[in-house]
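Take a look at the letters that make up each chain.
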Amino acid sequence: MPVKRTYAHLGDACRAANALDLVGDRWALIVVRELILGPRRFADLQDAVRGITPAVLTDRLRSLQQAGIVEQVTLTDLARTRAYATTEWGRGLESVLGSLGRWYSAGPDPSTHGGMTPDAMILAMRAMAPPAPADLPPTALRLYDARRPDPPMRDYHLAAVGRVLDIQAGAAVNPVATVTTESTVWSQVLFGGLPLAEAERDGTVRVEGDRDTIECVVRLYVEASEPDSARADRVSGG
């Protein structure tokens, strides 16, 4: 096996270059993305990271562990299942992923193709989170990835903490509303111009409870992603 030549070995002291030595290989950051919100089994990672082979996933996990970005953990289920999770330092890569997403969104062609995993969608929501009204009540999101056979449902919750929209993994406590949908469809509603009402009519989004709260969340994201000119026209009534 050839020896990997890193930027550090080549004499480049730039810390960004040295960071790329750790996470610059294909799929490395995508593996981290799927671990930021909670531990995952090897099989779950293989399903979530599209196109990766078991051998490459094994190699990426080994490299990320050696770098101190990922660690192996034991889940508290009856089977004491082995899984992988990001370390505290590894979770710091969420801001890197968010910056990359915002940078791409500002480019000449921000369109994308394919689908979104539930965790990728939640990280996108966190990266693009607009200011929120302080009285926004707790809301539950239940997302699944239709590209997976018999996809598991993943639970998340959001609420306003001060004026900040706080979005976390896990079931909501006493939510006023619940959205159940496929994660790519939810991405289209928040970021792709798909009207919420249309998605509800199609049956791809189901809203239970206070629909006004869900409309408020959707409107926050839609208005935040508007071009400045469109926002000015809307505010002025033009």
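Residues numbered from 1 in each chain as written. Predicted model: local features only at pLDDT ≥ 70, side-chain atom pairs only at ≥ 80, totals over all residues. Heavy atoms only, no water.

### So, the pairing of strand S4 (residues 154-161)
So, point 1. Bridge count between strand S3 (residues 139-144) and S4: 5 bridges; the pairing is antiparallel. Each bridged residue has a counterpart across the sheet, and for Leu-141 the counterpart in S4 is Tyr-156.
So, point 2. Relative to strand S5 (residues 164-169), S4 runs antiparallel, the two being bridged by 6 bridges. Its bridge partner being in S5, Val-161 is matched across the sheet by Val-164.
So, point 3. What sits between the antiparallel neighbours S4 and S5 is a turn of 2 residues, in which Gly-162 has the positive phi angle 70 degrees. (Pairing = 2+ DSSP bridges. Helix = DSSP H or I, 4+ residues; strand = E, 2+ residues; numbered from the N terminus.)

### What to know about the environment of Glu-198
So, point 1. When you line up the elements, Glu-198 lands in helix H9 (residues 196-202).
So, point 2. On the basis of relative accessible area, Glu-198 is assigned to the partly exposed category, the value being 33%.
So, point 3. A C-alpha to C-alpha distance of 43 Å links Glu-198 and Arg-80, two positions 118 residues apart in sequence. (Buried < 20%, exposed > 50% of the residue type's maximum accessible area, 1.4 Å probe, protein only.)

### Things to note about the pairing of strand S6 (residues 177-182)
So, point 1. The buried fraction of S6 is high, at 6 of 6 residues.
So, point 2. Side chains Ala-177, Val-179 and Thr-181 of S6 all project onto a buried face; the interleaved residues Thr-178, Thr-180 and Glu-182 project onto the opposite face, where all are buried too.
So, point 3. Pairing of S3 with S6 involves 6 bridges; the strand directions are parallel. Across the sheet, Arg-142 pairs through a bridge with Thr-180, a residue of S6.
So, point 4. Pairing of S6 with strand S7 (residues 205-209), which is carried by 5 bridges, proceeds in the antiparallel orientation. Its bridge partner being in S7, Thr-180 is matched across the sheet by Arg-206.

### What to know about the packing of helix H8 (residues 183-191) against helix H10 (residues 211-224)
So, point 1. Between H8 and H10, the least distance of the axes is 7 Å, while the angle of their chain directions is 65 degrees. Accordingly, the angle class assigned to the pair H8 and H10 is roughly perpendicular. Across the interface between the two elements, Trp-186, Val-189, Leu-190 and Phe-191 from H8 touch Ile-214, Val-218, Tyr-221 and Val-222 from H10.
So, point 2. Class assignment for the residues of the contact of H8 with H10 results in 8 nonpolar, no polar and no charged. (Axes fitted to C-alpha atoms, helices over the stretch in contact; angles between N-to-C directions. Parallel < 35°, antiparallel > 145°, perpendicular 65-115°, else oblique. Contact = heavy atoms within 4.5 Å. Nonpolar A, V, L, I, M, F, W, Y, C, P; charged D, E, K, R; others polar.)

### Things to note about the sheet that holds S7
So, point 1. Read across the sheet, 5 strands follow the order S5-S4-S3-S6-S7 without closing on themselves; strand pairing throughout is mixed. Each edge of the open sheet carries a strand with a single partner, namely S5 and S7. Recorded for the sheet is a direction-independent mean angle of 20 degrees between the axes of neighbouring strands.
So, point 2. Across the face of the sheet, H10 comes into contact with S3, S4, S5, S6 and S7 while running at roughly 130 degrees to S7.

The quantities given are spatial measurements derived from coordinates; they are silent on function.
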